[in-house]
Amino acid sequence: MNDSPWGAPPHAGYWGPSDRGPVQGAAPAGPTYDAHDAQQTRPMPIVPDVSAHGGSQDDDRGAARLGGPLFRDESPSAPPHGTVPQNPEPMHDAPQPAPAPQKKSAGRDLGAAIGVGVGLGAVIIASLFIVKAVFVGVVAVAVVVGLWELTKRLEERKGIHAPLVPLAVGGAAMVVAGYVRGAEGAWVAMALTALAVLVWRMTEPPEDYLRDVTAGVFAAFYVPFLATFVAMMLTAEDGPQRVFVFLLLTVVSDTGAYAVGWRFGRHKLAPRISPGKTREGLVGAVSFAMAAGALCMEFLIDDGTWWQGLLLGLAVAASATLGDLGESMIKRDLGIKDMGTLLPGHGGIMDRLDSLLPTAPVVWLLLVLFVGSG
């Protein structure tokens, strides 16, 4: 270790032979000082009073500072009272305080989220089991609000002007057509909505026409067309039960993913898309949804069996997770956290529909295959 303040380690012969005599002007180093000792030492540099030039501030006049012991067998003395050492040596043996444990956070206002979720659930369940037409109206309203949120964010973040008026009118008509005329009515309404988007955008300058109509057709398919499968589920004799199973399994899947991922999540599922999702959370979603699916198919759906419920729950967990990741991809591209602020603790309507929309056609198809169209 180099203890010399001048940067070069003393070694034999560095200062010259010892028979050259005493060094002139060197101060005695102690009672046993002789010429040999004088040749092994250097004069102590004059260190100015640091406090005279602003305490710990650097000396602009190039004054030398003490950075360690002057001699090999000399320990640095304690600094004067009130003087802060410039380069204190780290205390390697001193015990370091343990970092305070970080408490996991849900990332949202959990109380508000639960309250809003319970309120929405009560409205949906009441309309579902009392009057089917009212529930269809609730779905249509949710579709229109979702389209407004999506087109607004596209305009704000990307400058994309997807025409909202034909999308809103066509989206509501699409849901009603799916309830009244089934899949055929939904496809016809989808085609007419896409045509209306193309024509409506012609009233504006041609710049970015292709970009805007492409976004409009995507929005028409992503929100109202997928939502029509919920209305088509409702047309069966046990339609309310089918829609209830669809909603329940999706919520259970999301809840299982959140609970297990928050408590045990260690391995990221898709860090580039949604850093908060973990593989453990996906296992929780699948486990919760399969268990709930077995119970629902056995006790709520006519002619359903528990093993069909296991398959249904697995499919719901997969589609809900993919739907959530798909919306996360859109929000990352737009550079936003939530699609809106309409629902405290949840974000916007689209932030709640992200897992429901792609799950609706999956549940509709599997229920038709398992127990028929009703």
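- Under an unreviewed UniProt entry, the name given to the protein is Phosphatidate cytidylyltransferase, and the source organism is Streptomyces chromofuscus.
- Recorded under Catalytic activity (unreviewed entry), the UniProt text for the protein is reproduced unchanged: "a 1,2-diacyl-sn-glycero-3-phosphate + CTP + H(+) = a CDP-1,2-diacyl-sn-glycerol + diphosphate".
- The record held by UniProt for the protein lists under Subcellular location (unreviewed entry) the comment "Cell membrane".

**Observations concerning the environment of Ala-317**
At step 1: If you trace the backbone, Ala-317 turns up in helix H8 (residues 306-334).
At step 2: Non-local contacts of Ala-317, meaning those with residues more than four positions away in its chain, are made with Ser-253, Ala-285, Val-286 and Ala-289.

**Description of H8**
At step 1: Here H8 is 29 residues long and its end C-alpha atoms lie 42 Å apart, about the 42 Å a rise of 1.5 Å per residue gives.
At step 2: Where H8 ends, the next residue or the one after it, Gly-335, has phi of about 75 degrees, a positive value.

**Observations regarding a nonpolar patch on the surface**
At step 1: Taken together, the side chains of Val-188, Leu-192, Leu-195, Leu-198 and Val-199 present a nonpolar region at the surface, about 430 Å² in accessible area.
At step 2: Mapped onto the fold, Leu-198 is located in helix H4 (residues 164-201).
At step 3: You can call Leu-198 partly exposed: its relative accessible area is 32%.

**Structural notes on helix H3 (residues 132-158)**
At step 1: When the terminal C-alpha atoms of H3 are compared, their 38 Å separation across 27 residues agrees well with the 39 Å that a helix rising 1.5 Å per residue should span.
At step 2: Among the residues making up H3, those that are buried are Phe-135, Val-136, Val-139, Ala-140, Val-143, Gly-146, Leu-147, Glu-149, Leu-150, Thr-151, Arg-153 and Leu-154.
At step 3: At the exit of H3 stands Gly-159, carrying a positive phi of roughly 70 degrees.

**Focus: the side chain of Glu-149**
At step 1: Structurally, Glu-149 can be placed in helix H3.
At step 2: Of the buried charged residues, Glu-149 lacks a salt bridge, with Arg-153 as the closest side chain of opposite charge at 6.0 Å.
At step 3: There is a polar contact of 2.9 Å between the side chain of Glu-149 and the backbone nitrogen of Ile-349.
At step 4: When residues no more than four places from it in sequence are discounted, the contact partners of Glu-149 are Met-339, Gly-340, Leu-342, Gly-348, Ile-349 and Met-350.

**Things to note about the packing of H3 against H4**
At step 1: Their axes nearest at 9 Å, the elements H3 and H4 cross at an angle of 155 degrees. By the angle between their axes, H3 is roughly antiparallel relative to H4. Judged by the twist between their axes, the crossing of H3 over H4 is right-handed. When H3 is examined against H4, the residues Lys-132, Val-136, Val-139, Ala-140, Val-143, Val-144, Leu-147, Trp-148 and Thr-151 are found in contact with a partner set consisting of Leu-164, Leu-167, Ala-168, Gly-171, Ala-172, Val-175 and Tyr-179.

Basis of the calculations
- Residues numbered from 1 in each chain as written.
- Predicted model: local features only at pLDDT ≥ 70, side-chain atom pairs only at ≥ 80, totals over all residues.
- Heavy atoms only, no water.
- UniProt positions renumbered as here; feature names shortened; annotations may be inferred.
- Helix = DSSP H or I, 4+ residues; strand = E, 2+ residues; numbered from the N terminus.
- Contact = heavy atoms within 4.5 Å.
- Expected span 1.5 Å × (residues − 1).
- Patch = residues over 30% accessible without salt bridge, like charges linked within 9 Å, V, L, I, M, F, W, Y side chains within 5 Å.
- Areas by Shrake-Rupley, 256 points an atom, 1.4 Å probe, with all protein chains shown as cover.
- Salt bridge = Lys/Arg side-chain N within 4 Å of Asp/Glu carboxyl O.
- Buried < 20%, exposed > 50% of the residue type's maximum accessible area, 1.4 Å probe, protein only.
- Lys, Arg positive; Asp, Glu negative; His and termini not counted.
- Polar contact = N/O pair within 3.5 Å; in protein donor to acceptor, adjacent residues only side chain to side chain.
- Axes fitted to C-alpha atoms, helices over the stretch in contact; angles between N-to-C directions.
- Parallel < 35°, antiparallel > 145°, perpendicular 65-115°, else oblique.
- Left-handed = near helix turned anticlockwise from the far one by under 90°.

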